Amino acid sequence: MSLHGSFLSDDQFACSICLDVFNNPSSTPCGHSFCMGCISRYWDGTKVCQCPLCKKTFQKRPDLQINRTLREITEQFRSMRGGGGPVREKRGVKAVGGGGGDGGLPDGLFDELKKKLPRPLPKVPVMPTCEPILTSFSAAQTPLASSVPSYSPIAAMNQNGAPPPPPPAYSHSRGRRRFTMSGASSDQNLPVCETHHRGTLIYCRTDQVCICPECETLDHYDHDTVSVEDEWVKTKAQLSVSEQEIQEMIRQRIRKIEEIRMSVSELELAVERETAGSVCLFSTLVSAIERSQAELMEVMEISRRAAEHQADAMIRQLELEVVELRRRESALAELAQSDDHIHCLKTFPSLCSPPPAKDWSAVSVDSDLGTGTIYRSLVAQMEKFQAELKKITETGFPALIQEPSPVRAQPRMKRVQDYAVDVTLNSMTAHPRLVMSEDMKSVRCGDRHQLLPDNPERFDRVVCILGREAISSGRHYWEVEVGKKTDWDLGVARHSINRKGKIEVTPSNGYWFLSLRDKNKYAFRTEPSTDVQISLRPSKIGIFVDFENGQVSFYNVDAKIHIYTFNDVFNECVYPFFSPCTNKSGKNDGPLTITPVSRTE
């Protein structure tokens, strides 16, 4: 076989971009070769470089170098075909031209190319399928081949004419696998090599592919190969280990998911705590500043009025003195024009002496506004605020609310506000001392009883009132402005509650509400009563009722935090409950006002 017929063709020396023989060939990291100029122009102006053949992507443009060995072979190939020229015509491959021995190569080039190009192993002719052959070894490589008896089905026929049993399987490939050497696969389910049409009985560990014996001899002769069965046994043993590793990875990720969710929950609590603390801190500062500003305005106004009174008094006195001086000035002018010398002599002594007058040289309006004390008080407040701010920076905000119910399980403000309803007061249930607004949205306690009919729905001893809207299903939310009242009760009450005489306001008797007493004593009417410490005093309370789940929740609307939740079972409808409590001689005369719900962001 000639050289060019064996392993030389135009495709081996052609650039797939310009379709001509390589000119300064260079190889990409994926192993494909192109002309240095062609691949450089192909990549110019692109952000991500790709191989034109296999489309492998390189995030960073490779630093290509000329493949000197391939360039020498290409130059010799050019000289072999007579100085070059186009390799392809209309994308068809030409045969290598040239005359002379050994495929038309010049003298000496054949021996040089044989040294540079890889030499294929010798091929063993394929025997008929009925006779096993060892395709991996030549006679010189496998002494065992000469000792193996040949097998002929004709010679092995028994006397009855029945075919003999198949020959035994032979060991092959350095003693690492066993298989039957046949020309084609005996199992219809065994994949067949597309090139040699033989069963893929061998696994190449080097290239990690299944091959046939012919592929091993031609292309994988120096690779680590074993039988497919042996490789599968080894792989199957690793399956349980891999499965356990994957299960452990799954467990680790599930634990991480729970950890992340717990972190989010803790972050939500930290946000609520930080919000409540910061609102309290800055509200105190703002209140101090507003109070100081109001005092400043008041003191300055008082100082201004005092200065005006002082100035008016001095001006009036000065004006009187000016009138007296002008009178004397006129009298002196008349004396100067008079011809009555005797009168002039008698009158002049009384006119020439200066009248009694005050020395005004050191007199001025008092310009002191009296604000220094207020500014000093404000400085002290600011210093206290800075000290608290520094402490918070170092230690953070402490927990503001201690309560037995879990906060995490309760709905957040933004969610419960989706269930806002319009609530109005029911005057038929109002205690006689209660005074309602015309729109039935506000109630306060008056000084005396009103003459009202004693109907069964009306409370006659407890100063309270119910809402008009009954709650028998679903979720409902409303907000009540409590302002700076010292005492109040808010919540819900069952329809069948006792409204006459003394009442035990507990959940077992149909009452679920939050109470305030003496400005800062918050409690829930449980059995026994549950006290709660709330550092940030709410000015607006949100009430949320989930009838099916038996929940009554309370929220500090300004601080956007949950306060407490009752969990019970509602066997009948409930109504919103309001009690402004007694006015305490005007100290608690502020109203409870149902306000429109403004959604928090």
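As the structure is a computational prediction, the values presented were derived from the model and not from experiment. (Residues numbered from 1 in each chain as written. Predicted model: local features only at pLDDT ≥ 70, side-chain atom pairs only at ≥ 80, totals over all residues. Heavy atoms only, no water.)

**Things to note about the pattern of salt bridges**
For the structure on display, the rule yields 21 salt bridges. Between arginine 261 and glutamate 258 there is a salt bridge, with the nearest N and O atoms lying 3.6 Å from each other. Placement of the pair is arginine 261 and glutamate 258 together in helix H8 (residues 228-337), with a separation of three residues, close to one helical turn. Among the charged side chains, a network of salt bridges with common partners joins Glu301, Arg304, Arg305 and Glu308. (Salt bridge = Lys/Arg side-chain N within 4 Å of Asp/Glu carboxyl O. Helix = DSSP H or I, 4+ residues; strand = E, 2+ residues; numbered from the N terminus.)

**Let's talk about the environment of threonine 69**
Inspection of the secondary structure assignment puts threonine 69 in helix H3 (residues 68-80). Measuring from C-alpha to C-alpha, the distance between threonine 69 and proline 25 comes to 9.3 Å, with 44 residues separating the pair along the chain.

**Some points on the sheet that holds strand S18 (residues 521-524)**
Reading across the sheet, the six strands line up as S14-S23-S16-S17-S18-S19 and stay open at both edges, with antiparallel pairing between neighbours. The open sheet is flanked by strand S14 (465-466) and strand S19 (530-532), the only strands paired with a single partner. (Pairing = 2+ DSSP bridges.)

**A closer look at the pairing of strand S21 (residues 551-556)**
Look at any regular strand and the pattern is simple: side chains alternate between the two faces of the sheet. Counting buried positions over the six residues of S21 gives six, a clear majority of the element. Side chains of S21 alternate between two faces, with Gln551, Ser553 and Tyr555 and Val552, Phe554 and Asn556 buried alike. Sheet analysis places strand S20 (residues 540-546) next to S21, joined by six bridges and oriented antiparallel. Bridge pairing in S21 links isoleucine 543 to phenylalanine 554. Between S20 and the antiparallel strand that follows it, S21, lie four residues; glycine 550 among them carries a positive phi value of about 65°. Alignment of S21 against strand S22 (residues 561-567), held across six bridges, turns out to be antiparallel. In the strand pairing of S22, serine 553 is matched with threonine 565. Between the end of S21 and the start of S22, which pair antiparallel, lie four residues, with lysine 560 showing a positive phi angle near 60°. (Buried < 20%, exposed > 50% of the residue type's maximum accessible area, 1.4 Å probe, protein only.)

**Considering the confidence of the model for the protein**
Overall, the prediction assigns the protein a mean pLDDT of 77, with 77% of residues at 70 or greater. Note on residues 1-6: pLDDT is under 50 here. Beyond four places in sequence and across chains, it has nine contacts. Below pLDDT 50 for its whole length, residues 116-187 participates in 90 contacts with residues either more than four positions away or in separate chains. (pLDDT = per-residue confidence, 0-100. Contact = heavy atoms within 4.5 Å.)

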